[in-house]
Structures are given as structure tokens and as C-alpha cells.
Amino acid sequence: SLSTRHCPWKMNQLPPRSPVASPVSESTNSRVEALDKLSMDSFWLEVENIKQSAEAEQEECSLADVKTQEEGEAEAEWLQDAGLSELLGDTGSDSDNLVLLSTLTRTQAAAVQRRLDTYSRSRRRRNKHPVRDVRDIFGVASPQDTAAEKEESSPDPLWHNLRTSNTQRKTQDYSCTVRNPGKEEVFNMDVAYSEQAAVLLKGSFLSESRKLKDGNALTRFKIPKGRLGVTRIGDLSAQDMKKIPTLALIELTALCDILGFELKRNKAAKLKTTEKRLFGVPLNTLLENDQKLLPNTKVPLLLQALLSCLEKRGLETEGILRVSGSQTRIKSLEQKLERDFYSGLFRWDEVHQNDVSGLLKRFIRELPAPLLTAEYLPAFAAVQNIPDLKQRLQALNLLILILPEPNRNTLKALLEFLSKVVARENNNKMNLWNVSTVMAPNLFMHKGLPNKIPEGKEKQLAEGAADVVRMMIHYQDLLWTVSSFLVAQVRKLNESNSKRYQFCDKRIKNLLRKIHADKDKVEKNQGEPSKIVKVHASLLLKDSLEVHLNNATRVADVLRQFQKNLCQNGWNIVNTVNLLKCNNSMECTNLLLYEVGGNIGEHCLDPDTYLLDLYHINPHAEWIIKQNPSYPRMF
């Protein structure tokens with residue numbers, strides 16, 4: 001299950017090294033077996049290095065136990081984190097809760113209801129005041145208290161199939177399953193992952209599993225671009241992104257429920273204060289200090305400097321990341337960085353590349369809380385237990401969306417660098433699996449976290465952690481995408497909040513009736529074959545651009561039309577604002593079109609978005625052309 005017993009392992013409890021590689025399917029050749037053995041040796045060597053580094057500083061880097069929560073506590077925390085804390089009380093305004101609940105899919109709503117049921121039972125057992133009845137929230141005629149009761153009396157087919165399927169799967173080992181190696185598959189982000197999983201329950205999971213460590217065997221996934229394009233992390237405004245983690249948590253929980261895994265989370269760790277300025281400092285504190293020097297800094301300046309140094313001089317170094325530098329030198333360099341980094345006196349050109357990679361790994365390990373967060377590190381580690389590769393990636397995508405922004409941005413910077421290391425494999429001899437096994441201990445081992453490891457499972461957990469890192473490196477473009485169904489839920493939240501429905505009857509079905517009625521009114525207007533709209537570019541031109549939309553008009557077309565108008569009107573844009581060259585064959589990669597207002601805060605649009613479709617979904621938005629922030633401004 002996705003629980004604390006699948007958490008990282010003690011650093012001082014290493015399993016005996018086996019001279020035999022981990023078992024693989026008969027179809028896997030000896031080259032892959034040799035690669036597997038070499039790679040896992042790198043993993044345990046890295047563990048030894050971490051242990052020796054900790055012992056040198058007289059620190060115990062074993063993992064501590066977490067206090068067992070009373071029944072209902074985990075559910076109460078979950079409801080709070082899911083933005084549904086008001087459901088825990090006896091009175092209070094329900095409008096915000098009902099608005100959120102109205103956006104949920106069937107599987108998401110079922111996940112909320114199960115946790116509220118469990119919390120309600122725990123409250124009744126402790127003879128406390130009654131909590132909200134689920135019938136007041138979901139409009140269920142006769143909800144049952146437990147899944148067993150539900151199965152005994154008029155069972156829900158979905159829940160019955162879930163229980164039956166899970167029972168059949170428990171005896172199978174799906175670790176490191178690869179599906180259709182080398183082929184390209186569609187990764188659907190239009191439909192909620194939990195809903196997709198529910199449909200798959202009617203069939204069966206892959207009957208064949210192959211344990212491969214060869215990067216070439218990884219399945220290629222393609223996100224099909226719908227009419228509204230693809231939304232990446234960073235395309236949404238900060239205001240809208242704040243809604244995403246809550247929705248992603250509910251969806252992740254629903255997905256785990258369908259797959260038969262229990263999602264348990266650690267409590268947030270209390271961070272100790274430190275006198276240091278760089279190493280062992282919380283990410284938020286680092287960024288606050290860095291932003292005083294460079295506003296809008298999203299990744300700690302020290303990490304940027306470490307990665308930049310390695311990219312300039314270390315990518316071609318054989319064994320980079322795997323070959324450790326001197327622990328004595330690394331400790332001395334850390335002290336020099338603490339003293340000289342912000343003054344600019346630190347001499348990066350005098351540092352050996354292997355020492356820089358040691359500093360990089362030390363920076364990650366020394367964070368007071370894990371980069372993947374104390375709360376969700378067990379869930380990241382347990383992704384390996386999900387049978388299907390696509391569903392593992394779905395869970396990882398949701399976990400990354402749940403991460404706090406500083407952690408997510410820092411993780412992305414690290415993974416982008418690791419991809420560059422893998423790209424130089426021919427020179428540095430570090431392939432994807434090598435890099436993953438070396439980095440996994442640094443990401444998944446952290447002091448102060450649970451250490452309940454089933455006996456004999458250390459090797460399986462180690463391989464699983466490395467496989468999760470491998471997926472994050474290889475599939476990072478996919479993982480840093482905001483699913484279309486989540487963006488649609490954000491739109492619904494914004495629409496409902498702006499309308500501020502008057503809830504006379506506090507049953508969700510009445511709310512849904514109102515929302516669907518309004519939706520029907522909007523859909524009646526969606527038959528328009530064309531539309532004339534105005535696109536603003538206030539920072540570039542005083543006048544707006546009038547655009548005639550039809551079913552084939554895309555964002556890229558509007559940007560090209562804007563470029564063409566500028567060139568035809570004789571504007572020397574290159575010399576004045578360095579925006580674009582008057583060459584009709586060029587793509588306007590330094591210009592972006594934003595959707596602003598209506599049912600979205602601000603949304604940077606995919607060039608392949610069809611604008612008439614977008615207009616029908618958000619007719620009250622403004623469209624504004626802006627310069628790409630990644631391009632230098634010259635005005």
C-alpha cells in the first residue's frame with residue numbers, strides 16, 4: 001500500500017550485497033543483467049558515502065519512527081489539505097466546500113466521501129459532537145458506513161470490481177513493469193486519471209511484466225493536443241496554481257482508491273533553526289534571501305551556481321556524480337561557500353568537478369526537509385508499487401503538482417541538469433539508470449523519517465526508488481504538465497466563485513442542477529462558426545489587433561498576423577524593442593498570447609490552441625500579446 005512502511009530505509013542498515021543481479025525476465029539479455037548489477041553497486045556505494053559523511057560529523061542519519069495517529073486524524077488532515085475543512089465542523093458556511101465538491105468527478109467525490117465516512121465513525125466512537133452527514137453533502141439516499149456493508153447490501157459495481165481486482169492482484173509482483181517497450185502510447189490528460197483507472201477495472205492489467213533497467217526500453221508517451229492545447233506548469237497564474245495542489249490531492253487519492261493503494265502521508269517536519277546561510281537552510285528561507293539580491297528568483301542561487309559549474313566543466317567527466325570527491329575537501333568547500341558565496345569571492349574555477357558534484361548532493365541531503373517533502377516522500381517512494389507504467393506516471397504527475405512551488409522549481413532544475421548528464425553518456429559513461437541509482441539515495445534518504453522496512457525488502461525498495469528517479473528524469477516534460485481536466489476544474493471553481501450561488505438547499509445535487517443549467521445556456525452559443533475579437537498588445541502597440549476567428553484559427557496564426565501587420569506598417573521592431581525580425585517565415589517564439597480574466601486568472605496559451613473553441617469556453621476573457629519572459633527585454 002502507499003503507506004509509511006514503504007518509506008526510505010535506514011542508512012546504517014545495508015542489505016548484504018549479492019553477487020547475483022536482481023531477477024529479470026527470461027527475455028532480458030545478459031547485457032541488461034550486467035548493467036543492473038553495476039547500477040545497484042553504484043546505489044549502495046552512494047549509500048556508504050552518505051553514511052561515512054554523516055559519521056564524520058557525528059550525525060546519525062538513520063530514520064526515526066513517526067507517532068501513530070489516532071483513528072480519524074489522518075482523514076481530518078486530508079480533508080483540511082483538500083480544502084474541505086469546514087465539513088469537519090457542525091456549523092459554518094458551506095458555500096466554498098460545495099463549490100469545490102461541484103467540480104469533482106464521480107471517483108473524486110467517492111474518495112472524499114470515504115474519508116468523511118471514516119472521520120464520522122471515529123467521531124461517533126469518541127462520543128463527540130456529530131459531524132456533517134454525507135447525505136447533506138453528496139445527496140446520497142442511503143450511504144453505507146463501510147465498504148463491507150456496501151458490498152453486502154446493494155453493492156456499487158465500481159467498488160465491488162475494485163475490491164475484487166485488488167484481491168486478485170495482491171500476489172503479483174509488478175515492480176519496474178515496462179509496457180510496450182520502445183513504442184509510443186497516448187497519454188490522455190483530458191479525462192481524470194481515476195476515471196480512466198475505473199474504466200480499466202472492467203478489463204485487466206498487463207498480464208506480462210518485464211523488469212528492465214535499459215533506458216532504450218522505456219515507453220514513449222505522447223500527450224495528444226486537444227482543441228485547447230496543452231498547459232505546462234508555469235502557464236497558469238499564481239492565483240490559479242494555488243488551486244491545483246488541492247485538486248491534485250483529491251485526484252491522487254481517488255486514483256489510489258481505484259488502484260487499491262492506501263495513501264498515507266507523514267506529518268510536516270518541524271524545521272530546526274540553523275546559523276548557516278546556505279547548507280541546511282529551508283528552501284523558503286534561501287529563496288527569501290536570494291530574492292533580496294535578485295527579485296523573482298525561483299531556484300536557490302547556490303544550486304544554480306553548482307549546476308552551472310557542472311554544466312560548464314563536468315558534463316564530459318567520466319563517472320560524474322558517481323565518483324565521489326574528497327569528503328575533507330567537500331567539507332572545507334562548504335565552509336568557504338558559507339563565507340564567500342554571496343560576496344562573489346568564491347573561486348569556482350579552482351574546484352574539482354567531482355567535489356562540485358559532492359557539494360550538489362550534499363546540498364540536497366542537508367535540506368532540513370526532503371526536497372520531495374516529508375509529507376509526500378513515502379508516496380513518491382511507493383509509486384513503484386503501482387502495476388502499470390502509465391498509472392505510475394499519472395501518480396507522479398499529481399505528486400509533482402502537489403509539491404510546494406519552491407520544491408517543484410528546485411526539483412525541475414535538478415532534473416534538467418541530470419538529463420544533460422545522461423545526454424553526454426558516451427563521454428561520461430553515465431546512462432539514465434546509472435544517474436538514477438546514484439541520485440536516489442540523496443533524494444529518498446533523510447533523517448527524521450519513518451524506517452519501517454519489511455525484512456528482506458531493502459533491495460526491492462532501493463530498485464524502486466531508483467526507478468522513480470529514472471521516471472522523473474526521463475518523463476519530466478510530461479510530468480510538468482497540468483492535465484486538461486484539472487484546468488477545467490479550475491475554470492469551474494472560478495466560475496462558481498464569481499457567480500456566488502445562493503445555497504438554499506445544501507445538497508450537492510441541487511448545486512449541480514444549477515451549474516449544469518448555466519452550462520447549457522453557454523453551450524447554446526457554441527454553434528457560432530466565426531467571431532471577430534480584439535487582441536491587445538498594450539506594451540507594444542496602442543491599438544488592438546482585430547482578429548477574425550473561425551474553426552481553424554490557432555494562437556500561432558494570430559501571432560503571425562500580428563508580426564505581419566507590424567512589418568507591413570514599417571515598424572522597426574528589432575531596433576526599438578528587440579521583439580522580432582520581420583521575416584514571415586519565422587515563428588514568433590519570443591511572443592506569447594495570454595488569456596486573461598473570465599473563468600481564468602491568466603493563462604499562457606499553447607500555440608496550437610484553437611481560439612474559437614477557447615472563446616466558447618471563456619467568452620469574457622481578454623487576449624493579450626506579451627513578450628516571452630525567457631527572452632531578454634531591451635526596452
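- As recorded by an unreviewed UniProt entry, the protein chain carries the name RHG40 protein and is attributed to Drymodes brunneopygia.
- The annotation that UniProt attaches to the protein chain under Function (unreviewed entry) is "GTPase activator for the Rho-type GTPases by converting them to an inactive GDP-bound state."

**Notes on helix α10 (residues 244-259)**
Inference 1: The first and last C-alpha atoms of α10 sit 22 Å apart over 16 residues, in line with the 22 Å expected at 1.5 Å per residue.
Inference 2: With 15 of its 16 residues buried, α10 lies for the most part within the structure.
Inference 3: A positive backbone phi angle near 85° is found at Gly 260, which sits one or two residues after α10.

**A closer look at the nonpolar core**
Inference 1: One finds Leu 321, Phe 380 and Phe 444 to be the most contacted residues of the largest nonpolar core, which totals 133 residues.
Inference 2: Looking at which element gives the most residues to this core, the answer is α10, with ten residues.
Inference 3: When near neighbours in sequence (up to four residues on either side) are disregarded, Leu 321 contacts Glu 46, Ser 357, Leu 360, Lys 361, Phe 417, Leu 418, Val 421, Met 430, Val 435, Val 438 and Met 439.
Inference 4: Counting 21 residues, the second-largest nonpolar core is a separate cluster that includes Val 533, Leu 545, Leu 611 and Leu 612.

**Focus on the packing of aromatic side chains**
Inference 1: By the definition in use, this model includes eight aromatic pairs.
Inference 2: Both rings, one in Phe 43 and one in Trp 44, keep their centres 4.8 Å apart while their planes meet at 80°; by these two values the pair is edge-to-face.
Inference 3: Ring geometry for Phe 346 and Trp 348: centres 4.7 Å apart, planes at 70°, overall edge-to-face. Each member of the pair Phe 346 and Trp 348 is classed as buried.
Inference 4: An aromatic cluster of at least three residues, connected via ring pairs, comprises Phe 187, Tyr 193, Phe 221, Tyr 475 and Phe 485.
Inference 5: The ring of Tyr 610 carries the charged tip of Arg 227 above its face, separated from the ring centre by 3.8 Å.

**As for the pairing of strand β7 (residues 591-597)**
Inference 1: Most of β7 sits out of view: five of its seven residues are buried.
Inference 2: Alignment of β7 against strand β9 (residues 622-627), held across six bridges, turns out to be antiparallel. If you follow Glu 595 over to β9, its bridge partner there is Trp 623.
Inference 3: Here four bridges tie β7 to strand β8 (residues 600-604), and the two strands are oriented antiparallel to one another.

Conventions adopted
- Residues numbered from 1 in each chain as written.
- Predicted model: local features only at pLDDT ≥ 70, side-chain atom pairs only at ≥ 80, totals over all residues.
- Heavy atoms only, no water.
- UniProt positions renumbered as here; feature names shortened; annotations may be inferred.
- Helix = DSSP H or I, 4+ residues; strand = E, 2+ residues; numbered from the N terminus.
- Expected span 1.5 Å × (residues − 1).
- Buried < 20%, exposed > 50% of the residue type's maximum accessible area, 1.4 Å probe, protein only.
- Core = buried A, V, L, I, M, F, W, Y, C linked by side-chain atoms within 4.5 Å.
- Contact = heavy atoms within 4.5 Å.
- Phe/Tyr/Trp six-rings, centres within 6.5 Å; stacked < 30°, edge-to-face > 60°.
- Lys NZ or Arg CZ within 6 Å of the ring centre and 35° of its normal.
- Pairing = 2+ DSSP bridges.

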